[in-house]
Structure formats: structure tokens, C-alpha cells
Amino acid sequence: MKIGVVVHGPQIVDSGYALKIIKLLKEYGKVKALLGGTMGRTAVYDAHLENLIDISKKRLPSQSIDKLAKEGHDIIFLLNYGKSKVTGHGFGYKVFMKTKTKPKLIQIERPGEKDGTVIPWHKSAKRLAKEIADKLGLQLVKTEDIIKKMHIDEHDRPSDGRVYRRIIGVSKDENIFVNGIVIGKATSDNVILVAEDGIIKEIIGGQLKKHGVEKLGPVDLDKAIVKTGLLRRSDKIKPRKVKARKPKKKLKVAFLDHAAEDIYTLKGSDLVVTVGDDTSLVAADILYRFDVPIIGITDGDIDKVVEKGFKTKGSMIIEFEKGWDDIIGRKIFNEIFKKKYTIEIEKIENFKKKILKIINNMNVHYLIKEI
């Protein structure tokens with residue numbers, strides 16, 4: 001058999017089950033594994049699995065499934081480790097519905113937990129799904145039961161011109177991400193996002209973060225990628241330095257003001273200026289693997305988005321009073337970067353002095369944290 005595997009999220013990799021399941025599937029035929037989503041990429045690097053799981057391109061899980069289906073794979077497995085069975089099943093249902101090919105798909109969900117399951121999203125995959133479930137000691141779940149529950153959970157939407165989207169499996173006090181930006185926090189386990197003219201206006205059962213909504217801008221709420229909780233949950237991460245920077249005469253400096261951008265495209269930089277607390281935290285953590293320091297422009301309005309973050313030596317975090325990070329960021333982008341997203345410099349220390357000179361001329365209170 002030609003077997004395709006789509007690995008989604010860091011937890012399935014951090015837990016060791018991605019490798020374990022791929023090894024098991026190799027007993028059935030030739031296996032090709034792709035990453036689906038973006039947050040799992042760092043976990044793949046840390047686990048030294050980039051030669052086993054293809055992380056070369058940024059794709060949605062449904063896009064990775066369709067790619068494998070078009071390449072003629074006989075069966076495709078979706079490996080996921082959701083926060084709960086409910087979130088995992090909801091995720092699998094939405095991914096399968098988004099696929100254009102509707103292939104023979106089997107989802108393996110939360111394999112290290114008591115409520116771990118195997119779901120055949122295609123009728124013809126039931127027999128193999130049962131066999132894999134038995135080998136992994138997991139429960140086989142009927143797709144009909146999941147679909148029924150999904151429809152029960154669907155919110156009756158008022159016809160008021162607004163767009164409503166219920167978040168499945170959210171817990172109180174968790175961050176709510178839309179397309180990689182924190183736009184609020186859950187105050188209950190029954191949360192509905194409400195958008196009007198593409199702008200998120202309200203979180204029923206949650207608290208809206210206006211600064212996050214401004215950064216997000218207009219969005220198609222039905223198609224947006226919505227996540228809750230931590231982007232990477234494991235607290236036993238051993239970050240791997242994939243490469244070390246070498247001395248150069250000309251240094252490449254990048255500007256990043258949006259956490260939803262593909263931060264991995266900046267791994268060849270020598271320094272990255274990041275704007276915003278969450279953006280700085282996520283970028284610093286990813287770029288640590290490539291020995292790239294950051295200069296983070298923040299205002300202390302940080303949401304815990306990873307269990308433990310890492311920063312490259314030589315990084316500098318500049319913390320301002322609330323609301324000033326975007327103002328300072330725009331000033332740096334206009335005056336130093338001349339509205340370009342990459343520039344060349346000769347010395348990092350001189351570049352830091354340039355930034356501090358701009359800040360000092362603005363007569364604003366700030367705190368510097370050097371790493």
C-alpha cells in the first residue's frame with residue numbers, strides 16, 4: 001500500500017506518538033509523511049524528524065491531505081493530539097469537510113490518553129481503522145456519532161447580518177487565537193465569536209481583546225483558523241539548535257509585526273525586530289532554533305501562548321507602557337527600515353543604538369531586558 005500521513009500540531013510529535021505510529025504504518029506499506037499546519041514544525045525540528053516528516057512547505061491539514069490523495073496514496077492517516085476528545089473530533093470533522101478529494105482518511109486522536117480514538121472518515125477505511133485501533137489499544141469511533149454531535153452543537157444563528165462561530169472544546173481562562181493572533185480570553189466553556197463586516201465585535205462567553213482584534217483586521221470568520229489554549233503544551237521541551245549563525249560583513253535584519261506570518265521564512269535572518277508581546281514570544285521561540293536574536297517591541301500585555309519560550313543570546317526586549325508598542329514599531333519601520341521588511345546593516349550593537357535613539361527622542365518610559 002501507498003500510505004500518506006498528515007501530522008498536525010506539536011503535541012503528537014512531543015509525545016513520541018508521531019514516530020511510533022509512522023513506524024507501525026511502515027509494516028503495511030510505503031509511508032510518506034507531511035506536516036499539516038504550522039505549529040508542529042518546531043516540534044519536528046526538536047525531535048530530529050525533519051527527514052521523516054516533510055516540513056518544507058506551509059500547508060493547512062486539508063491541503064496536505066489533498067496533496068497526498070492527488071499523489072495516489074491508497075489510504076491517508078491524520079495524526080492529532082487535541083486538548084480533549086471533543087476538540088480533536090471537531091477538528092477532524094472540519095478538516096475532512098474542507099478536503100476537496102474526500103479520500104480514504106483515518107484519524108488517530110490523542111493516542112496516549114484513556115479517551116484516545118481512531119476515526120474512519122471514509123466508510124471503506126473501517127476495517128483497517130479497527131485493526132490499527134486494536135494494535136494501539138484505542139477505541140474505534142463511528143463517524144455518524146461525531147457528525148450528529150457536531151450538528152447538535154451548531155449554534156442557531158440569528159438573521160441579523162452578523163457571522164457567528166461556536167468554539168468547540170474551549171475551557172475557561174484559555175486564550176482564543178484567530179489566524180495566530182490572540183483576540184480574547186474565554187470566561188466560560190461555551191464560547192461564540194461574533195463578527196460584523198469581517199471584524200470580530202463580540203465574544204459570547206469570553207472577553208474581547210481590542211488590541212488583538214485591531215491587529216487581526218478583517219477576517220472571514222467561517223474560514224479562519226481558530227485555536228484555544230497554548231500553542232505548544234509540553235513543558236519538557238528540549239530545544240534543538242538547527243544551525244549557528246556565522247560572522248558576516250553585511251547582516252540581514254527583518255521586521256515582523258504579525259504573529260500569524262510564517263516566521264520560518266525569517267530563519268535566514270541575522271536579527272528580527274518584532275512588534276507585540278505575543279509576536280515577540282512566538283518569534284523568539286521559533287528563531288532560537290536557528291540562532292537568530294530578536295529585538296522585541298512590547299508593552300507587557302502578554303498572553304501565555306507557549307508553556308516555555310526560548311530566546312537567542314543577544315536578544316533585547318524593550319517594554320513600554322500599554323499601547324505604545326505599535327506606535328514605536330511604526331516609527332522604527334518608517335525611519336529605520338524605510339517601510340521595507342528587510343534591510344542590511346553592519347553591526348547589531350550600532351543598530352540597537354539607532355533604535356534606542358528614536359525611542360529616547362519620543363520621551364516615553366520604557367524598560368530594557370537583555371538576554
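Residues numbered from 1 in each chain as written. Predicted model: local features only at pLDDT ≥ 70, side-chain atom pairs only at ≥ 80, totals over all residues. Heavy atoms only, no water.

**Q** It is not clear to me how the sheet that holds strand 18 (residues 316–320) should be interpreted in this structure. Could you clarify?
**A** By way of backbone hydrogen bonds, the strands of a sheet pair with one another, either parallel or antiparallel. Here six strands make up an open sheet; going across it, the order is 19-15-16-17-18-20 and the pairing mixed. What marks the edges here is a single partner per strand, and that holds for strand 19 (342–345) and strand 20 (366–370). Neighbour to neighbour, the strand axes of the sheet diverge by 15° on average, direction disregarded. Two strands pair when backbone bridges link them, and strand 15 (residues 251–256) and strand 16 (residues 271–275) are joined in this way by four bridges, in the parallel orientation. Of the residues in strand 16, the one forming a bridge with L256 is T274. Helix-sheet contacts for helix 10 (residues 324–335) involve strand 15, strand 16, strand 17 (294–298) and strand 18, and the interaxial angle to strand 17 is about 135°. (Pairing = 2+ DSSP bridges. Helix = DSSP H or I, 4+ residues; strand = E, 2+ residues; numbered from the N terminus. Axes fitted to C-alpha atoms, helices over the stretch in contact; angles between N-to-C directions. Contact = heavy atoms within 4.5 Å.)

**Q** What is the right way to read helix 2 (residues 17–25) from this model?
**A** Side chains three or four residues apart in an α-helix point the same way, a direct result of the helix having 3.6 residues per turn. Within helix 2 the residues assigned to the buried category are Y17, A18, I21, I22, L24 and L25. Mapping the buried residues of helix 2 onto a view down its axis gives an arc of 160°, with all of them on the same face. (Buried < 20%, exposed > 50% of the residue type's maximum accessible area, 1.4 Å probe, protein only. Arc of directions from axis to C-beta.)

**Q** What's the story with the pattern of salt bridges in this structure? I'm lost.
**A** When the charged atoms of two side chains with opposite charge come close together, those side chains can pair. Following the criterion strictly, the structure yields 19 salt bridges and no others. A salt bridge links E196 to R162, with the shortest nitrogen-to-oxygen separation between them at 3.2 Å. Taken as a pair, E196 in strand 11 (residues 191–196) and R162 in the loop between helix 7 (143–153) and strand 8 (163–167) lie far apart in primary sequence, 34 residues in all. On the accessibility criterion, R162 (27% relative accessible area) is partly exposed. Across the pair E335 and K331 runs a salt bridge, and its minimum N-O distance is 2.9 Å. Within this pair, E335 and its partner K331 are both found in helix 10, separated by four residues, close to a single helical turn. A relative accessible area of 38% means that E335 is categorised as partly exposed. (Salt bridge = Lys/Arg side-chain N within 4 Å of Asp/Glu carboxyl O.)

**Q** Sorry, what's going on with unusual backbone geometry here?
**A** Most peptide bonds are trans, and most residues other than glycine sit at a negative phi. In this structure, K338 is a non-glycine residue whose phi angle is positive, near 55°. For K338, the location among the structural elements is in the loop between helix 10 and strand 19. We classify K338 as exposed; its relative accessible area is 59%. One non-glycine residue, N363, lies in positive phi territory at about 55°. By secondary structure assignment, the location of N363 is in the loop between helix 11 (348–361) and strand 20.

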